[in-house]
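Residue-level structural notes
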Amino acid sequence: MIRPIRKAIFPVAGLGTRFLPATKAQPKEMLPIIDKPIIQFAVEEALAAGITHLIFVIGRTKRSIADHFDSNPELDTALRQKGNHEMADLLNSIVPDSAACIYFRQSEALGLGHAVACAAPVIAPDEPFAVLLADDLMRARTPVLKQMIDCYQQTGRSMVAVEDVAPQAVSSYGIVDADRPGIGQLAAMRGIVEKPARDEAPSTQAVVGRYILDGSIMPLLKAQAPGKGGEIQLTDAIRQLIQTHGVDAFRYEGQRYDCGSKLGFIACTMASALAHPDFGSEVREMMHNMLAQDPPH
Ligand code: G1P
């Protein structure tokens, strides 16, 4: 029987050095796209896919993430006293009562694989779970994790989301060895390698930050020696999982914004502003006017 997927791990313990000084005292996942922190987009995607257990693996400066997903009675009272019930209700609905937040602390930044393994105590040995890297912000008609879980219900096999990247970008990603699936389709993976050199990459299909993994990956992660960059790599354990259980590459429908890079963050902000229901058309006009000028101040 194929088990439902109810748990999602959000590794949010990275140092965010690319966004200093903004990330000196707050996690990069709390940087907002207009008025919503990056991490909330990933949480909403997970909730829309039926996830009920939100598992955050946090680091030193990450307390604001726990605060963000907790209730804030003082703010609630203040908003209601001002008659702003709409915002108070919106804040209360970020995490519905039917979902639970669980926090693990990763005391040392030993890599993505290590971060995922920190959540092992709440994952049963044969329990499938999702991993979402909030930096990869997905805009899609059907939330990307839901697309993946819908497929999982047919196959019961682990999968990673992939997209094509430029050949010169392969050294920034996990790269899969698999036939190229059509959009919304799967292809069985023959291998996977973390951040290969351009001439060693098995393809240009890059793993983006969405995974469905079998619980049996946890002991593989625990036993994992440091890999690329001296870090414990999720990719290396996935390569072992291919041998034991099989793993598929899933080509999602949608648009990814790499909010871990400044340019991706700017692109995501611009796209979200242009698509904004209240002021999208004003933003369009504003951009149009700016483009007609010399570089504005
Ligand atoms: C991580 C993974 C990599 C994956 C990428 C997706 O790398 O290690 O395999 O392709 O996320 O965003 P990072 O970007 O954390 O260096």
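No experiment lies behind these values; they were computed from the predicted model shown.

Focus: the overall build of the protein chain
Summing up its helical and strand segments, the protein chain has ten helices and 13 strands in all. Compactness check: the protein chain gives a C-alpha radius of gyration of 20 Å against a globular reference of 19 Å for 297 residues, within 12% of the reference. For the C-alpha atoms alone, the extent of the protein chain along its principal axes is close to 60 × 50 × 35 Å. Expressed as a percentage of its 297 residues, the buried residues of the protein chain come to 46%.

A look at the pattern of salt bridges
Within this structure, the stated rule accounts for 18 salt bridges. Linking Arg190 and Asp179 is a salt bridge whose minimum nitrogen-to-oxygen distance equals 3.2 Å. In this pair, Arg190 sits in strand 10 (residues 186–194) while Asp179 sits in the loop between strand 9 (174–178) and strand 10, placing the two residues eleven residues apart along the sequence. Linked by salt bridges that have partners in common, Asp76, Arg80 and Asp89 make up one network.

Some points on the packing of helix 3 (residues 73–81) against helix 4 (residues 85–92)
Taken N-terminus to C-terminus, the directions of helix 3 and helix 4 make an angle of 155°; their axes are 7 Å apart at the nearest point. By the angle class used here, helix 3 and helix 4 are roughly antiparallel. On the side of helix 3, the interface is formed by Leu75, Asp76, Leu79 and Arg80, while helix 4 contributes His85, Met87, Ala88, Asp89, Leu91 and Asn92. For the contact of helix 3 with helix 4, the residue count by class is five nonpolar, two polar and three charged.

Details of the packing of aromatic side chains
A complete count under the given rule lists four aromatic pairs for this structure. Ring centres 5.1 Å apart and planes at 20° place the aromatic pair Phe10 and Phe56 in the stacked group. Of this pair, Phe10 sits in strand 1 (residues 7–12) while Phe56 sits in strand 4 (residues 53–58); the two residues are 46 residues apart in sequence, bridging distant segments of the chain. Judged by its relative accessible area of 0%, Phe56 falls in the buried class. The rings of Phe10, Phe56, Phe69 and Tyr103 are connected pair by pair, giving a single aromatic cluster. A cation over a ring is seen here: Lys36 above Phe41, with NZ or CZ 4.9 Å from the ring centre.

Concerning the site of the ligand
In the vicinity of the ligand, the contacting residues are Leu112, Leu133, Asp136, Tyr173, Gly174, Glu194, Lys195, Val207, Tyr211, Gln233 and Thr235. Within the side chain of Glu194, an N or O atom sits 2.7 Å from an oxygen atom of the ligand. Between the ligand and Val207, the relevant distance is 2.6 Å, taken from an oxygen atom to a main-chain nitrogen or oxygen of the residue. A total of 380 Å² of accessible area belongs to the ligand in isolation, and the protein chains cover 73% of it. Classifying every residue of the shell around the ligand by side-chain character gives five nonpolar, three polar and three charged.

Digging into helix 9 (residues 262–274)
Helix length check: helix 9, at 13 residues, gives a terminal C-alpha distance of 18 Å against a target of 18 Å (1.5 Å per residue), a fit within 8%. By the burial criterion, the buried members of helix 9 are Gly264, Phe265, Cys268, Ala271, Ser272 and Ala273. Among the structural elements, strand 2 (32–33), helix 1 (38–48), strand 7 (136–139), strand 13 (255–258) and helix 10 (280–292) are those in contact with the buried residues of helix 9.

As for the nonpolar core
Ranked by internal contacts, the top residues of the largest apolar core, which has 45 residues, are Phe10, Ile39, Phe56 and Leu145. In contact with Ile39, not counting residues within four places along its chain, are Phe10, Val12, Glu29, Met30, Phe56, Phe69 and Ala134.

Here is what the cut-offs are and how they apply
The numbering scheme is per chain: residues are counted from 1 as the chain's sequence reads. With pLDDT at 70 or above as the cut-off, local features in this predicted model cover only qualifying residues; side-chain atom pairs require 80 or more to be listed or tallied, and sums for whole chains, interfaces and linings still use all residues. The basis for every side-chain value is the complete set of heavy atoms in the structure, and neither hydrogens nor water enter the calculation. Numbered from the N terminus, helices here are DSSP runs of H or I no shorter than four residues, and strands are runs of E no shorter than two. Based on C-alpha atoms, the radius of gyration is set beside the globule rule, defined as 2.2 Å times the residue count to the power 0.38. Only protein chains enter the area calculation, which uses a 1.4 Å probe; residues under 20% of their type maximum are buried, those over 50% are exposed, and those in between are partly exposed. Put simply, a salt bridge is a Lys or Arg side-chain nitrogen that is within 4 Å of an Asp or Glu carboxyl oxygen. Every axis corresponds to a line fitted to the C-alpha atoms, with the helix fit spanning only the stretch in contact, and the corresponding angles, defined between N-to-C directions, vary from 0 to 180 degrees. Angle categories are assigned with fixed cut-offs, so that under 35 degrees is roughly parallel, over 145 is roughly antiparallel, 65 to 115 is roughly perpendicular, and the rest are oblique. A contact between two residues is defined here by any heavy atoms of the two lying within 4.5 Å. Amino acids are sorted into nonpolar (Ala, Val, Leu, Ile, Met, Phe, Trp, Tyr, Cys and Pro), charged (Asp, Glu, Lys and Arg) and polar (every other residue, Gly among them). Note on ring pairs: Phe, Tyr and Trp rings are taken, using the six-membered ring of Trp, and paired if centres are within 6.5 Å. Classes follow the plane angle, with under 30 degrees stacked, over 60 edge-to-face and the rest tilted. Ring-over charges, as used throughout, are those where CZ of Arg or NZ of Lys falls within 6 Å of the ring centre and within 35 degrees of the ring normal. Here, proximity means that at least one heavy atom of the residue falls within 4 Å of the molecule or strand. The definition of a polar contact used here is a pair of N or O atoms within 3.5 Å, where within protein one atom must be able to donate a hydrogen and the other to accept one, and adjacent residues in sequence count solely through side-chain atom pairs. Using a 1.4 Å probe, accessible areas were evaluated by the Shrake-Rupley method; residue-level cover was limited to the displayed protein chains. What a helix should span is 1.5 Å times the count of its residues minus one. What makes a nonpolar core is a set of buried Ala, Val, Leu, Ile, Met, Phe, Trp, Tyr and Cys residues whose side-chain atoms join them at distances within 4.5 Å.

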